[in-house]
Every structure is written in structure tokens, then in C-alpha cells.
Amino acid sequence: MIAEADPSTAAAPPLRWSNRFASLGTSFYTELPAQALPDPHWVATSPECAQMLGLPADWDTRPDWNALAVFSGGAPWPGMRPLASVYSGHQFGVWAGQLGDGRAHWLGEVQTAAGPMEIQLKGSGRTPYSRMGDGRAVLRSSIREFLASEAMAGLGIPTTRALAVTGSALPVLREEVETAAVVTRVSPSFIRFGHFEHFAHHDLHPQLRTLADHAIDHHFPSCRDAANPYLALLEAVTLCTARLLADWQAVGFCHGVMNTDNLSILGLTIDYGPYGFLDAYDPGHVCNHSDHQGRYAYARQPGVAFWNLHALAQALLPLIGEPDEALAALEPYKSEFAQALTARMAAKLGLATQEEGDAALIDDLLRRMAADRADFTITFRRLADFDSTPGARNDPLRDLFVDREAFDAWAVRYAERLGRERSVDAERAPRMNRVNPKFVLRNHLAEVAIRRAREGDFAEVDTLRRLLARPFDAQPGFEAYASFPPEWAQQIEVSCSS
Ligand code: AMP
Ligand code: MG
């Protein structure tokens, strides 16, 4: 079902809309228009994301296309078919019942060179799934979502993308009065674990099967050939989730709200809320100020993802049949995660070969970093300049540690390890700089951009977007963005409020 926009009548880019999720039927969603932001303005756009969608460079400025109206919830382009989907989920380990797109509208699915991409507005007004919410998103959280999406893409970590943020003077009440914004998100699919949980919970097995078939046919086609395609689907989601978690851990990313409604079945990072990148290395770091129990602490994320996969397995059980088989499909999570994390950490240390003691070498570095609260990103970035002949060249790295003797002891082991694989410092360094980012979206960087944006100056948002699109490049002149967080960064409190 591809609706071709007719260029003679439609003032819209020549996109091809397929809208396959919409073809599932009304058990899965409610069709309804978004609610336009009054008097909208652009806050940010991502030329990279636009290019991925096949939009021309002037997509946001051509008057006849009126993209500003489209992406602030006003008149959709021909071929778009706005809808809000229903899902449920476990929040903080407890069954939360029906949730759903309470403030998001799927505009449709468009054919691109990178495959079909769904486009969604977030903050675009109330839907039948809004519960007590106002259907809006604030400028602060919309900028945070936009920047994180594009930063994760720059890091090479699977994520939903962000095309744009539009803003408005419309007041929105959170802890204080803020203003409304709409983020446009882009993803091959916005299906979450919670979509499956919804239909399983209500014993709607035909719909559960329809949804699983949709996921298999469009996103995991190789599962169709398995003896039990639904079991294969569970295993495929298990594996991509394991790899995603390894990516997060290796870059020091904390999601903050790993509820089952916030986990993508494609293993993409989705729903950026109170997320954070580690500054000082602290395995117990909790980035979400509302997470009083520390359920979603950095070091707990891999275990929580496994817990969430159990909820997905439970939901798919009516299709799979055998509980033992479902549990067995989850089992590869542990080895896949461990293997992926070990590979990423070894690369972070610049190791080209594998040795028995590598895990201990990595663990001991992390232990030293935790004990001395060494900055996660800066430590690994400086490690690239490690001189395997001990000397002053290693001082910038050594200075990150309080217990210098302990660091020196580790450095001797590291130098010996590098020596055993005949690692050449000058060759290893560029390799390490391609896996250890110089720039990550630290909270204080986003905070400065948000403060300026509230005053109507969006330049800093764009500066961050550009910088974070190439986080491994040296980008001279932007050293301040790669530096330690200022004192005041510790006072930033990021909560679920968005
Ligand atoms: P989140 O914690 O952001 O993942 O949201 C959990 C659920 O609450 C989802 O179903 C959201 O759509 C919904 N929700 C969050 N904020 C709002 C809001 N301001 N208005 C309506 N629904 C919301
Ligand atoms: Mg959510």
C-alpha cells in the first residue's frame, strides 16, 4: 500500500508512504490528528537525518512544503496518516497496565534508501492514551531528546533518530511553567516490548500474532524460516538487546527509565528522558532523580534489560507454547552481552589480540577509576596516548588518579600486555580514538544549550549537534566541550518530568 504524493497537486516532498503499521487495524491504534503548536518556530533540525529520509537540503525552508507546520503538529503532508498506538508495560518492575502514545503521533512510514522509516511527533497533543497527561512535551526535554538521538547515532549506537524540534510560547506546567515543543523522531519501527505485553495481558491472541507477524515480516524476516518463528523472534530481540546494552555500558550511557514500554524490539535506544553520560566513573550512578531505589543505576542496566526480556518472553508465550523454550531463547543474552562488552572494552584499551588476563586488566582499570572517581570519557580518551615506555608522557592520564602508585602498578601490567602483542603506540592511538569518543553529551552541555534556547538563541543546540555527530574527531577549537564538567554540573537534577 504505497501512496504516491502527486506533485501536481500536493505541496509536499516526493516521498513514498507505505504506512504498514497503520495497515494492522484499529486494535493497535487510534487515528487522530496531532494538535498544532500555536505560532511555532524552528528550534533545531538535523540535516543528516533529513538526508537519511531522502529530503532535499531545503526541506525545512521551502515555503510551499510548509515543513514548520507539518512538524509542529499542523497540517500533515499528503500520504501521512496520523495515529497514536496502544501499548502497556512494566514500570519500575511493576505492571502499569495500559499506557500508549499519550503524546505522540505516528505520521506514517516513508520509503528511504536506508529502508522504510517511521516518522513520529512527540509532544503533539492529547490522545486516547494520555491518561492524566497534557499531551505536551517541554522545550527542555525535547532538546535533550533531539541531541541525544543524534549524539548516539554519531557514536554508532543503535537509536531512534531526530529530524527536528519545533517550539512555541505555549505554556506547559511541570515543576514550573515551561514552554511546549515537538520532537520529530524517526525509526524503522517504534514497536516496544510493551506493545506485545498489551495484547498478551488482555488475552488478545489473534492481535498478538498479527503484531508478531508484522515484526517478523518487516523487521526480522529471517525468523520466518525458523521451526518456530515466534521463538526465533524472541531470540533475535534478545541478541540485539544484549548488543545494545554492551554499547551503552562501553560508552558510559545511562538510560534512566528502562521500563518495558521504553525498550525497542529492534534493540534501538528509545525514549530519551532523564538519561545521562557518566562523568566520574561510578558503577552505582543513578541518572534519574526520580529513581529513588536506583533500579536503573548504570551497572544494573544489563540485568534490567534481561528482566525486561523475560517480560517480553512472557508476552510471547501464547505464540511460543513452551515456557522452557521461551526461557532457553533468552539464555544467549548472557554470553552475547559478555562477549560484546569484552570486545568493546578490549578495543577501548587498544588490544588487538585476546589473552586470558584481559578481563582482569580491564576490571582492575575500572576499579581504579571507580575508587578515584576518574572521568569515564576523559580517562579512555587519554589512554590512547599511553606511552608503553614509562615517562612524563603518561602524566595527563596518571593525573586522573588519586592513588598514583596503584595506577602505576596497573600501567606496568598494561605496558607488558601491549608489549606481548607488539603493539606500536603510534598505530594503536588512532585506533583507540575511533572507539573512545572525545565528545559525549554531558548534562551540563545540554543544560547550557537549553538555557540559551529558552532565551530564543538556538545556536548552541546546533553547535552541539554538529560536534556530537563526529564524537571521535579531534575537532580543534572545541576543547572546552571535551573537558571535565564544571562544579555546578553536580547540581543538575534530571527527573522523569518532561
Ligand atoms: P515515559 O515515562 O515518558 O516513557 O511515559 C510513560 C507513558 O506516559 C507513555 O505512555 C507516555 O505517552 C505517557 N506520557 C508521558 N508524559 C505525558 C504527557 N505529558 N501527556 C500525555 N502522556 C504522557
Ligand atoms: Mg516512554
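See the structure above.
A.B. asks: Just checking my understanding: could you explain the packing of helix 3 (residues 139–155) against helix 16 (residues 459–469) for this structure?
C.D. replies: For any two helices packed against each other, the geometry is given by the interaxial angle and the distance between the axes. It is the contact of helix 3 with helix 16, at a shortest axis distance of 8 Å, that shows an interaxial angle of 20°. One finds that helix 3 runs roughly parallel with respect to helix 16. Our pair here, helix 3 against helix 16, has a crossing hand that is right-handed. Touching Ile 143, Phe 146, Leu 147, Glu 150, Ala 151 and Gly 154 of helix 3 are Val 461, Leu 464, Arg 465, Leu 468 and Ala 469, all from helix 16. Across the contact of helix 3 with helix 16, the residue classes tally to eight nonpolar, one polar and two charged.

A.B. asks: Explain the layout of surface pockets to me, please; I cannot follow it from the model alone.
C.D. replies: Any empty space left between atoms is shown by rolling a water-sized probe over those atoms. Within this model, the largest pocket holds a volume of roughly 810 Å³. In this structure, the largest pocket is lined by 37 residues; those nearest its centre are Arg 103, Arg 131, Asp 261, Asp 271 and Ser 498. Broken down by secondary-structure element, the contributors of at least two residues to the lining of the largest pocket are helix 3 and strand 12 (177–187). If one sorts the elements of the lining of the largest pocket by residue count, helix 3 sits on top with three residues.

A.B. asks: Quick question: what am I supposed to make of the site of ligand 1 here?
C.D. replies: Within the structure, ligand 1 sits among 17 residues, and Gly 100, Gly 102, Arg 131, Asp 134 and Gly 135 are positioned closest to it. For ligand 1, an oxygen atom lies 2.5 Å from a polar atom in the backbone of Gly 100. A distance of 2.8 Å separates an oxygen atom of ligand 1 from a polar backbone atom of Gly 102. In the complex, the protein chains occlude 81% of the 480 Å² of accessible area that ligand 1 would expose alone. When atom positions are compared with the pocket grids, ligand 1 is found to occupy the largest pocket. Looking at side-chain class alone, the shell around ligand 1 contains two nonpolar, seven polar and eight charged residues.

A.B. asks: Help me understand the pattern of salt bridges in this model?
C.D. replies: Taken as a whole, this structure holds 37 salt bridges when the rule is applied. Between Asp 364 and Arg 367 there is a salt bridge, with the nearest N and O atoms lying 3.1 Å from each other. Of this pair, Asp 364 and Arg 367 both sit in helix 10 (residues 358–371), three residues apart, which is roughly one turn of the helix. Its relative accessible area of 53% is what places Arg 367 among the exposed residues. A salt bridge links Arg 417 to Glu 421; its shortest N-O distance comes to 3.0 Å. Classification of Arg 417 by relative accessible area gives buried; the value is 2%. Its relative accessible area of 16% is what places Glu 421 among the buried residues. Each member of the salt-bridge network shares a partner with another, and the members are Lys 122, Glu 145, Arg 185, Arg 192 and Asp 271.

A.B. asks: Can you walk me through the coordination of the magnesium ion (ligand 2) in this structure?
C.D. replies: Around a metal, the ideal angle is 109.5 degrees if four donors adopt a tetrahedral arrangement and 90 or 180 degrees if six donors adopt an octahedral arrangement. Within the protein, the atoms that donate to the magnesium ion (ligand 2) are Asn 262 (OD1) and Asp 271 (OD), at distances of 1.9 to 2.1 Å. One exposure class covers both Asn 262 and Asp 271, and it is buried.

A.B. asks: Would you mind going over helix 7 (residues 301–320) with me for this structure?
C.D. replies: In an α-helix, one full turn covers 3.6 residues, which means residues spaced three or four apart are oriented alike. With 20 residues, helix 7 extends 27 Å between its outermost C-alpha atoms, agreeing within 8% with the 28 Å of an ideal straight helix rising 1.5 Å per residue. At Gln 314, helix 7 shows its maximal bend, which comes to roughly 30°, and the proline Pro 318 appears one to four places after that position. Of the residues one or two after helix 7, Gly 321 is the one with positive phi, at around 100°.

Thresholds applied
Residues numbered from 1 in each chain as written. Chains lettered and ligands numbered in written order. Predicted model: local features only at pLDDT ≥ 70, side-chain atom pairs only at ≥ 80, totals over all residues. Heavy atoms only, no water. Axes fitted to C-alpha atoms, helices over the stretch in contact; angles between N-to-C directions. Helix = DSSP H or I, 4+ residues; strand = E, 2+ residues; numbered from the N terminus. Parallel < 35°, antiparallel > 145°, perpendicular 65-115°, else oblique. Left-handed = near helix turned anticlockwise from the far one by under 90°. Contact = heavy atoms within 4.5 Å. Nonpolar A, V, L, I, M, F, W, Y, C, P; charged D, E, K, R; others polar. 1 Å grid on protein atoms, 1.4 Å probe; cavity = no way out; pocket = protein on both sides within 12 Å on 5 of 7 lines; lining within 4 Å. Points joined across faces, edges and corners; volume = space filled by probe spheres on them. Near = heavy atom within 4 Å. Polar contact = N/O pair within 3.5 Å; in protein donor to acceptor, adjacent residues only side chain to side chain. Areas by Shrake-Rupley, 256 points an atom, 1.4 Å probe, with all protein chains shown as cover. Sits in = over half its atoms within 2 Å of the grid points. Salt bridge = Lys/Arg side-chain N within 4 Å of Asp/Glu carboxyl O. Buried < 20%, exposed > 50% of the residue type's maximum accessible area, 1.4 Å probe, protein only. Donors = N, O, S within 2.8 Å, 3.2 Å for Na, K, Ca; no water. Expected span 1.5 Å × (residues − 1). Bend = angle between axes of the 7 residues up to and from the residue.

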